[in-house]
Amino acid sequence: LEQVTLQLKWKHQFQFAGYYAALEQGYYRQAGLDVVLREADSNNSDPVAAVLDGRADYGIGASDLVLERARGKPLVALAVIIQHSPLVLLTRADLDTAQDLKDKRVMLLPSETELFAYLAREGLARSQIKEVPHSFQWVDLIEGRVDALSGYSSDETFDLKASRFHFNQFSPRSLGIDFYGDTLFTSEAKLQARPLQVAAFRQASLDGWKYALEHPDEIIDLIQKRYSSRHSRAHLEFEAAELKRLMAADLVEIGQMKPGRWQHIAEVYQELGMIPTDYSLEGFLYDPTPPKAPGWMMPALLAFATLLLAMTIAVGYFAQLNRRLHQALAQRDEALRQSQESEEHYRLIADNSDDVIWLLDIDSRRFTYVSPSVHRLRGWTAEEVMAQSLDAALTPASATIISARLQEGMAGLARGDRSAQVSMTEVDQPHKDGRIIPTEVSTTLLTDAAGRVTRVLGVSRNITERRKLEAALRDNEERLRLALESTGDSVWDWNIQDGTAHYSDSWKSVLGYGPNELKNTVEAFFALVHPDDLPRVREELERHWRGETPNYRCEFRMQAKQDDWHWILGRGMVWTRSSEGAPLRMLGTHLDITERKLAEFAISQANTRLQAQLEEIQTLQARLADLAVRDGLTGLFNRRYLDETLEREVARARRDGHPLSVIMFDLDLFKNLNDSYGHRAGDHILKAVADILRTDTRAEDVACRYGGEEFLIVLPGMALDHACQRAETWRARFEASNFSFGNFTLHVTGSFGVAGYPDHGKTPDELTHAADSALYQAKHLGRNRVEFYGGEPIAFVTKLQ
Ligand SMILES: Nc1nc2c(ncn2[C@@H]2O[C@H](COP(=O)(O)OP(=O)(O)OP(=O)(O)O)[C@@H](O)[C@H]2O)c(=O)[nH]1
């Protein structure tokens, strides 16, 4: 950006709103300008002088610019901002006319020529007033130190009004002196030297003014925030409104200036004798439109244009060639730069790596690059190592290993095995001080365009610390194992990866083996485990290897040397795992638990036997209990059980208010049957009768053998008439039945007595007694019939059928 300075004619206020807006909106920046807005101060109170002597590039003047120009100062008016000058003369209220100012103290600036013109037109010569240097303090008027002062209608009048001071305001316009107000200007020299800058600055300023008039509130904010808080917001709003009026922007384009009006202003000056008669305004007015071409110029221009076109084509062609060439060169330079950059990048990484990075030429077996860290690793500098052969950089054993690996890799690559390109080997390397440094070397075989291995890229890493840690770990394991063994425990130590194992002497002796009798393998263990237990053992081990159990624990049988089986409690834990979590080493113990297991087994067997006996006793007890309530011959309930049941049922009938009946019956003339067919025949009949009762009673009925050939049935919930029907059914059934016994067919009938609770008895005794009485009546009345107890005197009912 080009820095330019605009010299304002007064302090920051709305008078310069357009320039603030142009800055804030970026119009100046877009025009390539970095504009400094400099307010007036004691050193820069005269914008004309500032612009002419180069302290400022642009200035804000007023109509006096034309005066200065006529006097020969090389000024150029660029744009009129305020179409009607706001300059007025402010007087005490008692001074009514300009004439009243005669001999009065008037504060004026020499540049305020329009006021002098005004006074002259009013017939008041400059010598007739007492000119007082301007203090710019309007209070001087209020406090009577002066009688009048010059000021802006847009500025000072606000303060005077605000302080309620009565004043008069004389405007030159009232006498036709309509001067331009603020006008943007520069020097002729500037315009000639930087016409484009002048045009750009002018246009950006005018755009700024347009914006400011459209957004006065925003600019007022900006002024107060950024430039000056000297004036209140109300003051700035007043100023904005007044300036807008004077700019007449809705009638006249901002920046417009008319030669006629400038001419008129000049004439007023001339009238006042302030400028010579032969003055010229040539060059004073800036013309923003580009100059028009004279008539002869078109054909000439056409010819010139044709020539120019031909030249342009030729030049264009060469320019294109040139451009391509430049592009190609630029691309090459860029590629070169990038490759240098990436080479630099990798070199930086290599140089700063702790690992030693190296490149080996296969044919010469010499290093073409070795990173500086080799000095830390082997004591030699990179340069020294590069002077060594490969063999000198390794111990003889390692040289053999590396050579073999390289040969293998090359052979693999030749077969098309891409994985052979990279390998990793642990090798010992000699240190300058004679020590041997263990390293891990990873190599990558590099091929030329023909696919031939020409170089090896290698990375060597010092693994001294790792080796130490591994040794320490091994040492720890060894010590732990020894500690365990010293307790006499049977210790086992497995290398899960390669299947090798160590079993302590105690471990072996438990099974009757001598110290050297078993193989040192994991399989040797599995081979001795009982086949039935083996799946369980493997599962427990694998669960632990997978990390599902914190340790391994399993009881199983193992075959001893003498062919017998020992129960073993195996316990152990994975001691080392790979970085991926795979189990590497496992340590554990064996405990012979055969005796405990045998004892447990014996106890278990005794328990089983005991259990069987218990069950037998329970069956017997059940049978005994059954016998106690059942009749041995018929299987019906016995009399004892009847007594209990009847007692309970009578109580329940009483409680619930339900009916209850009892039927007692006796086989007729049974003695005859016994006598005729034998006692066993009688028994047979008794059982057959019992069977009928068993199948022909309800679940809640209780059928009992009451005496020898006498039966009693308790019928809970059954009313008397219903019970009589039941009795009759049985009676009929007995009568109709043929009972086979051997070669005989036997018949039997029964006499039935029925009684009901509570009508025939309220206690078990009363009830059975009533049923017995009814039975007696049935016998008495001829047997093979049903009678029920009918009360006292007993009313006997004949057969129901
Ligand atoms: N076979 C056999 N007979 C029995 C059993 N218990 C009682 N008796 C017989 O039953 C008969 C009962 O006869 P009694 O009391 O005289 O009466 P009855 O011959 O049935 O004549 P009434 O009762 O008057 O019809 C006796 O001969 C008893 O020996 C038994 O368990 N088995």
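None of these values were measured; they are calculated from a predicted model.

### Thoughts on a nonpolar patch on the surface
Phase 1: On the surface, Y317, F318 and L321 cluster together to form a nonpolar patch covering roughly 340 Å² of accessible area.
Phase 2: One can find L321 in helix α13 (residues 297–352).
Phase 3: Taking the relative accessible area as the measure of exposure, L321 reaches 40% and is therefore partly exposed.

### Points about the packing of aromatic side chains
Phase 1: Evaluation of the coordinates by the stated rule reveals 23 aromatic pairs.
Phase 2: The interplanar angle of 45 degrees and the centroid separation of 4.5 Å between the aromatic rings of W492 and W494 together place this pair among those described as tilted.
Phase 3: Summarising the aromatic geometry, the rings of F665 and F752 are spaced 4.7 Å apart at their centres and angled 25 degrees between planes, so their arrangement reads as stacked. Of the two residues, F665 sits in strand β21 (residues 660–667) while F752 sits in strand β26 (residues 750–757), which places them 87 residues apart along the sequence. F752 matches F665 in its accessibility class, with the two residues each being buried.
Phase 4: Chaining the aromatic ring pairs together yields one cluster made of W492, W494, F525, F526, Y552 and F556.
Phase 5: Of note, R630 hangs over the ring of F637, and the distance from its end group to the ring centre comes to 4.0 Å.

### Quick notes on the site of the ligand
Phase 1: Neighbouring the ligand are 16 residues; L669, F670, N674, H679 and R783 lie closest to it.
Phase 2: Within the side chain of R705, one N or O atom sits 3.0 Å away from an oxygen atom of the ligand.
Phase 3: Protein contacts shield 66% of the accessible area of the ligand, which totals 650 Å² for the unbound molecule.
Phase 4: At the level of secondary structure, the elements contributing two or more residues to the shell around the ligand comprise β21, α23 (670–677) and α24 (679–695).
Phase 5: Per-element accounting of the shell around the ligand gives the leading share, 4 residues, to α24.
Phase 6: Here the residues of the shell around the ligand sort into 4 nonpolar, 4 polar and 8 charged.

### Quick notes on the pairing of strand β23 (residues 710–716)
Phase 1: Of all 7 residues that make up β23, 7 are buried, and the element is covered over most of its length.
Phase 2: A two-sided burial pattern is seen for β23, the buried positions comprising E710, L712, V714 and P716 on one face and F711, I713 and L715 on the other.
Phase 3: For β21 and β23, the ladder comprises 7 bridges, and the chain directions are antiparallel. Looking across to β23, one finds that S661 is bridged to L715.
Phase 4: Here strand β22 (residues 702–705) runs beside β23; their pairing, made up of 4 bridges, is antiparallel. Bridge pairing in β23 places A703 opposite I713.
Phase 5: Between β22 and β23, which follow one another and run antiparallel, lie 4 residues.

### Details of the sheet that holds strand β17 (residues 501–503)
Phase 1: The strand order across the open sheet built from 5 strands is β17-β16-β20-β19-β18, with neighbouring strands paired in antiparallel fashion. Looking along the sheet, the strands with just one partner apiece sit at the ends: β17 and β18 (552–559). Ignoring strand direction, the axes of neighbouring strands in this sheet form an average angle of 25 degrees.
Phase 2: Where strand β16 (residues 490–495) and β17 come together, 3 bridges link them in antiparallel fashion. What sits directly across from W494, in β17, is A501.
Phase 3: Against the sheet, helix α20 (residues 534–545) engages β16, β18, β19 (565–577) and β20 (583–592), with an angle of about 150 degrees to β18.

### Regarding helix α17 (residues 464–486)
Phase 1: Helix length check: α17 (23 residues) gives 32 Å between terminal C-alpha atoms against 33 Å at 1.5 Å per residue, within 8%.
Phase 2: Directly after α17, the chain includes G488, whose backbone phi takes a positive value near 90 degrees.

### Observations concerning unusual backbone geometry
Phase 1: In this structure, the amide linkage connecting Y757 to the following residue, P758, adopts the cis form with an omega of 5 degrees.
Phase 2: Topologically, P758 is positioned in the loop between β26 and α26 (764–780).
Phase 3: Phi is positive for D563, close to 75 degrees, though the residue is something other than glycine.
Phase 4: Relative to the elements of secondary structure, D563 occurs in the loop between β18 and β19.
Phase 5: By relative accessible area, D563 is classed as exposed at 55%.
Phase 6: The phi angle at L669 is positive, at roughly 45 degrees, despite the residue not being glycine.
Phase 7: Within the fold, L669 resides in the loop between β21 and α23.
Phase 8: On the basis of relative accessibility, which here comes to 48%, the residue L669 falls in the partly exposed class.

### Comments concerning the pattern of salt bridges
Phase 1: A full pass over the atoms with the stated rule returns 57 salt bridges.
Phase 2: Put simply, D178 and R261 hold a salt bridge, and the shortest N to O gap is 3.3 Å. With a gap of 83 residues between them, D178 in the loop between β9 (167–170) and β10 (183–187) and R261 in helix α12 (residues 259–271) connect regions that are remote in the sequence.
Phase 3: The residue R452 makes a salt bridge to D363 at a minimum N-O spacing of 3.4 Å.

### Concerning helix α5 (residues 113–121)
Phase 1: In terms of burial, α5 is largely enclosed, as 7 of its 9 residues are buried.
Phase 2: Buried within α5 we find T113, E114, L115, F116, A117, Y118 and L119.
Phase 3: Immediately downstream of α5, the backbone of G123 shows phi near 80 degrees, a positive value.

### Quick look at the packing of α5 against α12
Phase 1: In contact at an axis separation of 10 Å, α5 and α12 are set at 60 degrees when each is read in the N-to-C sense. Classified by the interaxial angle, the pair formed by α5 and α12 is oblique. When you trace α5 past α12, the crossing you get is left-handed. Counting all contacts with α5, which are made through T113, E114, A117 and R121, the residues of α12 involved are V268, Y269 and E271.
Phase 2: Its residues placed into classes, the contact of α5 with α12 shows 3 nonpolar, 1 polar and 3 charged.

About the cut-offs
Residues numbered from 1 in each chain as written. Predicted model: local features only at pLDDT ≥ 70, side-chain atom pairs only at ≥ 80, totals over all residues. Heavy atoms only, no water. Patch = residues over 30% accessible without salt bridge, like charges linked within 9 Å, V, L, I, M, F, W, Y side chains within 5 Å. Areas by Shrake-Rupley, 256 points an atom, 1.4 Å probe, with all protein chains shown as cover. Salt bridge = Lys/Arg side-chain N within 4 Å of Asp/Glu carboxyl O. Helix = DSSP H or I, 4+ residues; strand = E, 2+ residues; numbered from the N terminus. Buried < 20%, exposed > 50% of the residue type's maximum accessible area, 1.4 Å probe, protein only. Phe/Tyr/Trp six-rings, centres within 6.5 Å; stacked < 30°, edge-to-face > 60°. Lys NZ or Arg CZ within 6 Å of the ring centre and 35° of its normal. Near = heavy atom within 4 Å. Polar contact = N/O pair within 3.5 Å; in protein donor to acceptor, adjacent residues only side chain to side chain. Nonpolar A, V, L, I, M, F, W, Y, C, P; charged D, E, K, R; others polar. Pairing = 2+ DSSP bridges. Axes fitted to C-alpha atoms, helices over the stretch in contact; angles between N-to-C directions. Contact = heavy atoms within 4.5 Å. Expected span 1.5 Å × (residues − 1). Parallel < 35°, antiparallel > 145°, perpendicular 65-115°, else oblique. Left-handed = near helix turned anticlockwise from the far one by under 90°.

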